[in-house]
Amino acid sequence: MEANRMGHYYEEYKEGEIIKHQFSKTIFESDNNLFSLLTMNPHPVHTNADYASKNQHGQILVVGTLVFSLVVGFTVTDISGNAIANLGYENVEHLKPVFVGDTLYAETEILSCRESKSKPDRGIIYVETRGFNQKGEMVIRFRRNVLMKKEAYYE
């Protein structure tokens, strides 16, 4: 059996391809609490059930940057695991609230591929990643440029 490979080379990506990522995660209360503490986010809507019950969603809301971090993490083996760098994220949109007990899934669409203008050993892929909850509702969407290795130079 061949081990899973961490990432791909620039030449392997095709415009229009949609990659459904294999990783997913149910968000537990401990995940949200720890992330709130680690990132020094003291807002009670994330950590205080009484406070959250009296606000818009009526329950604890998962920290948006935790949702973003998890969905980015789901993509590593397929997108950035063999990358040189993530060059930048853009258009991060939180589309629906995420709650404790929700399970997240993700897919990435390859929007474009272009050769590097300055270095022949690399190319840049432009992708859109979308995160979904267990109901299939899109909860987050963002785009990024990823600087990729070319296989011929890094075999």
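Residues numbered from 1 in each chain as written. Predicted model: local features only at pLDDT ≥ 70, side-chain atom pairs only at ≥ 80, totals over all residues. Heavy atoms only, no water.

### Digging into the overall build of the protein chain
Here is step 1: Helices and strands together make up the secondary structure of the protein chain, namely five helices and six strands.
Here is step 2: Reported as C-alpha extents along the three principal axes, the dimensions of the protein chain are approximately 60 × 35 × 25 Å.
Here is step 3: Within the span of the protein chain, comprising 155 residues, buried residues form 41% of the whole.
Here is step 4: Carbon and sulfur atoms make up 52% of the accessible area of the protein chain, which totals about 8700 Å². (Helix = DSSP H or I, 4+ residues; strand = E, 2+ residues; numbered from the N terminus. Buried < 20%, exposed > 50% of the residue type's maximum accessible area, 1.4 Å probe, protein only. Areas by Shrake-Rupley, 256 points an atom, 1.4 Å probe, with all protein chains shown as cover.)

### Overview of the packing of helix H1 (residues 29-38) against helix H4 (residues 64-74)
Here is step 1: Direction vectors running N to C along H1 and H4 enclose 105 degrees, while the axes themselves pass 10 Å from each other. Between H1 and H4, the angle falls in the class roughly perpendicular. Contact residues: Asp31, Asn32 and Phe35 in H1; Thr65, Leu66 and Ser69 in H4.
Here is step 2: Each residue belonging to the contact of H1 with H4 can be placed in one class, and the counts come to two nonpolar, three polar and one charged. (Axes fitted to C-alpha atoms, helices over the stretch in contact; angles between N-to-C directions. Parallel < 35°, antiparallel > 145°, perpendicular 65-115°, else oblique. Contact = heavy atoms within 4.5 Å. Nonpolar A, V, L, I, M, F, W, Y, C, P; charged D, E, K, R; others polar.)

### Section: the environment of Ala106
Here is step 1: With respect to the helices and strands, the residue Ala106 is situated in strand S4 (residues 103-115).
Here is step 2: When residues no more than four places from it in sequence are discounted, the contact partners of Ala106 are Ile19, Lys20, His21, Val71, Phe74, Thr129, Arg130 and Gly131.

### Quick look at the nonpolar core
Across soluble globular proteins, you tend to see nonpolar side chains buried next to one another.
Here is step 1: Within the largest apolar cluster, 17 residues are counted, with the highest numbers of intra-cluster contacts made by Ile27, Leu66, Val67, Val71, Val98, Leu104 and Ile140.
Here is step 2: For this core, the secondary-structure elements that each account for two or more residues are H4, S4 and strand S6 (138-149).
Here is step 3: The dominant element in this core, judged by the number of residues it contributes, is H4, at seven residues.
Here is step 4: Among residues more than four places away in sequence, those in contact with Ile140 are Val67, Phe68, Val71, Val92, Glu93, His94, Leu95, Thr129, Arg130 and Gly131.
Here is step 5: Core analysis: the second largest hydrophobic core is formed by 11 residues, Tyr10, Ile110, Ile125 and Val146 among them. (Core = buried A, V, L, I, M, F, W, Y, C linked by side-chain atoms within 4.5 Å.)

### Quick word on the pairing of S6
Here is step 1: Looking at chain direction, strand S3 (residues 83-94) and S6 are connected through eight bridges and run antiparallel. Across the sheet, residue Ala85 finds its bridge partner in S6, namely Leu147.
Here is step 2: Examined bridge by bridge, strand S5 (residues 122-132) and S6 share 11 bridges and lie antiparallel to one another. Following the sheet pairing, Arg122 is matched in S6 by Lys149.
Here is step 3: Once S5 ends, the chain turns through five residues before running back antiparallel as S6, passing Gly136 with a positive phi of about 80 degrees. (Pairing = 2+ DSSP bridges.)

### A few points about unusual backbone geometry
Here is step 1: With phi around 55 degrees, Met40 is a residue other than glycine that occupies positive phi space.
Here is step 2: As for its position among the elements, Met40 is in the loop between H1 and helix H2 (44-47).
Here is step 3: Here the phi dihedral of Asn91 falls at roughly 50 degrees; this positive angle occurs in a residue that is not glycine.
Here is step 4: Tracing the chain through its elements places Asn91 in strand S3.

### A word on the side chain of Arg130
Here is step 1: Relative to the helices and strands, Arg130 is located in strand S5.
Here is step 2: Of note is the side chain of Arg130, whose polar atom sits 3.2 Å from the side chain of Glu109.
Here is step 3: Leaving out residues up to four positions away in the same chain, Arg130 has contacts with Ile18, Tyr105, Ala106, Glu107, Glu109, Met138, Ile140 and Arg141. (Polar contact = N/O pair within 3.5 Å; in protein donor to acceptor, adjacent residues only side chain to side chain.)

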